[in-house]
Amino acid sequence: MLSGVTRACAPIVLAFVTACSSKAMPHASPEAGALRPVVASPPTVAADAGTDAAVAASCVDDARPFDPATLRANLELLASPALDGRAPGTPGDVAARTLIAERFRCLGLVPAGDVRGDDTGYEQAFTAAGKPTANVIGYLRGATKPDEIIVVGAHHDHLGGGHLGANDNASGVAAVLAVAQSIRQRPEAPARTIAFVTFGGEEQGLLGSLHYVANPPAALPLARVVQYINIDMIGSHASTDAVHAFGAFAKQPARAILARLDDSFPTLNVGLGGHSVRGDQVGFCRRGIPYVFFWTPDNRCYHERCDTVDKLDLPHLAQIAELAGGLVDELARTSVDLVASKAKIGCFGR
Ligand SMILES: [Zn+2]
């Protein structure tokens, strides 16, 4: 069985690399690039992104990030039978992390994973139930408030063994990639630093995100993180006709932003506030970091083999990703004092 998986997976990894470095996303609609105005000059890439900046800009404008076709392309890769549900330590897990890191690289994100000699990679290694796996971490340095950090995260692992995890949580990873691309397509770099992280080992007990908060990258100290955004299972809005934005409590700066952005998405029913103790926000909240956790209940295929791409509510998934992207964008440049707000009300603030 293992050798079969290995054989199936190796070409997939190559396909990911080819897809990214050839500047084209497989299955993306042909008109996707043309419909989105191409920015004349890409946003300034942080100086510490090094000489790869020109290369890194290669996939910034290859698609409209929140177009359902763009999202579907990444969902089909991440939740493909070849990756077999991305269980930690499996070839499918490695392939998913490779896809994500390659996308981070060509979007020009600065790597913030493990340091080996003179090199910093995107992966932060850890062990999940005896199996080697990793988080994937990249960031864009803020132009004017680089010491204030917004972290955007989603877990990339799932159960494996025929459970493909399209909603849980290929949907969140595809959204994180879309948000990163949308931020890079803006004419100006964000004021605050934005870190993009995908976590491993979530299904085994939030292992990746707990490892992250216990071992934050040197470039991204937790004390400077003013907001965490978690995206997990956003592909089942139709199940209960709702999306939750847990953590958006009344006094949180994110609440007012979401309440306003919400008006642009009339078919989304957004529940603002409430606390969730399940999900990768837990470690951040324990450290007093405000969070917003986007989640749609799935009454049909949660942790079942029917959690496949064809079952996703893709139109609403795309809108939730765009709403999350709008929130990240506004939090990264708002004039509200996020440091003072965090110090005063921390993770809650009802
Ligand atoms: Zn999940």
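Residues numbered from 1 in each chain as written. Predicted model: local features only at pLDDT ≥ 70, side-chain atom pairs only at ≥ 80, totals over all residues. Heavy atoms only, no water.

**Structural notes on the overall build of the chain**
- Counting secondary structure elements, the chain contains 12 helices and 11 strands.
- Counting every position in the chain, which comprises 350 residues, the buried fraction comes to 57%. (Helix = DSSP H or I, 4+ residues; strand = E, 2+ residues; numbered from the N terminus. Buried < 20%, exposed > 50% of the residue type's maximum accessible area, 1.4 Å probe, protein only.)

**Quick look at the nonpolar core**
- Residues Leu75, Phe196, Ile229, Ile231, Val292, Phe294 and Leu327 are the most contacted members of the largest nonpolar core, which totals 67 residues.
- Residues in contact with Ile231, not counting those within four places in the same chain, are Val152, Gly153, Ala154, Asn169, Gly172, Ala175, Val176, Phe294 and Ala324.
- Ile137, Tyr212, Val225 and Phe249 belong to the second-largest nonpolar core, a separate cluster that totals 23 residues. (Core = buried A, V, L, I, M, F, W, Y, C linked by side-chain atoms within 4.5 Å. Contact = heavy atoms within 4.5 Å.)

**Quick notes on the packing of aromatic side chains**
- Applying the stated criterion across every chain, the model contains nine aromatic pairs.
- On the numbers, 6.0 Å between centres and 70° between planes, the contact of Phe104 with Tyr122 is edge-to-face. Note that Phe104 is positioned in helix H5 (residues 91-106) and Tyr122 in the loop between strand E3 (119-120) and strand E4 (123-128), a separation of 18 residues in sequence.
- On the basis of relative accessible area, Phe104 is assigned to the buried category, the value being 0%.
- Following the ring pairs from residue to residue traces out a cluster consisting of Phe199, Tyr212, Tyr228 and Phe284. (Phe/Tyr/Trp six-rings, centres within 6.5 Å; stacked < 30°, edge-to-face > 60°.)

**Some words on the coordination of the zinc ion**
- Coordination of the zinc ion by the protein comes from His155 (NE2), Asp168 (OD) and Asp232 (OD), over a distance range of 1.9 to 2.6 Å.
- Expressed as a motif, the donor residue spacing for the zinc ion is H-x12-D-x63-D. Of the two residues, His155 sits in strand E6 (residues 145-155) while Asp232 sits in the loop between strand E8 (225-231) and helix H8 (237-240), which places them 77 residues apart along the sequence. Asp232 shares its class with His155; the two are buried. (Donors = N, O, S within 2.8 Å, 3.2 Å for Na, K, Ca; no water.)

**Comments concerning unusual backbone geometry**
- Cis geometry is found at the peptide bond from Asp168 to Asn169, where omega equals 5°.
- With respect to the element layout, Asn169 can be found in helix H6 (residues 166-185).
- Even without being glycine, Asp84 reaches a positive phi, approximately 50°.
- Along the chain, Asp84 falls in the loop between helix H4 (68-78) and H5.
- Positive phi, close to 55°, is recorded for Arg86, a residue that is not glycine.
- Inspection of the secondary structure assignment puts Arg86 in the loop between H4 and H5.

**Observations regarding the pattern of salt bridges**
- Taken as a whole and judged by the stated rule, the model has 12 salt bridges.
- The salt bridge involving Arg186 is made with Asp329; its shortest N-O contact spans 3.1 Å. One end of the pair, Arg186, is in the loop between H6 and strand E7 (192-199); the other, Asp329, is in helix H11 (residues 314-333), and 143 residues separate them in sequence.
- In this structure, the salt-bridge partner of Glu330 is Arg260, at a minimum N-O distance of 3.0 Å. Separated by 70 residues along the polypeptide, Glu330 in helix H11 and Arg260 in helix H9 (residues 253-261) bring together distant segments of the chain. (Salt bridge = Lys/Arg side-chain N within 4 Å of Asp/Glu carboxyl O.)

**Details of the packing of H6 against H11**
- Interhelical geometry of H6 versus H11 gives an angle of 45° and a closest axis separation of 9 Å. In this view, H6 runs oblique relative to H11, as classed from their interaxial angle. The element H6 and its partner H11 pack so that their crossing is right-handed. Together, Ser171, Ala175, Val179 and Ile183 of H6 and Leu317, Ala321, Ala324, Gly325, Val328 and Asp329 of H11 make up the contact between the two elements.
- Taken together, the residues that form the contact of H6 with H11 break down as seven nonpolar, two polar and one charged. (Axes fitted to C-alpha atoms, helices over the stretch in contact; angles between N-to-C directions. Parallel < 35°, antiparallel > 145°, perpendicular 65-115°, else oblique. Left-handed = near helix turned anticlockwise from the far one by under 90°. Nonpolar A, V, L, I, M, F, W, Y, C, P; charged D, E, K, R; others polar.)

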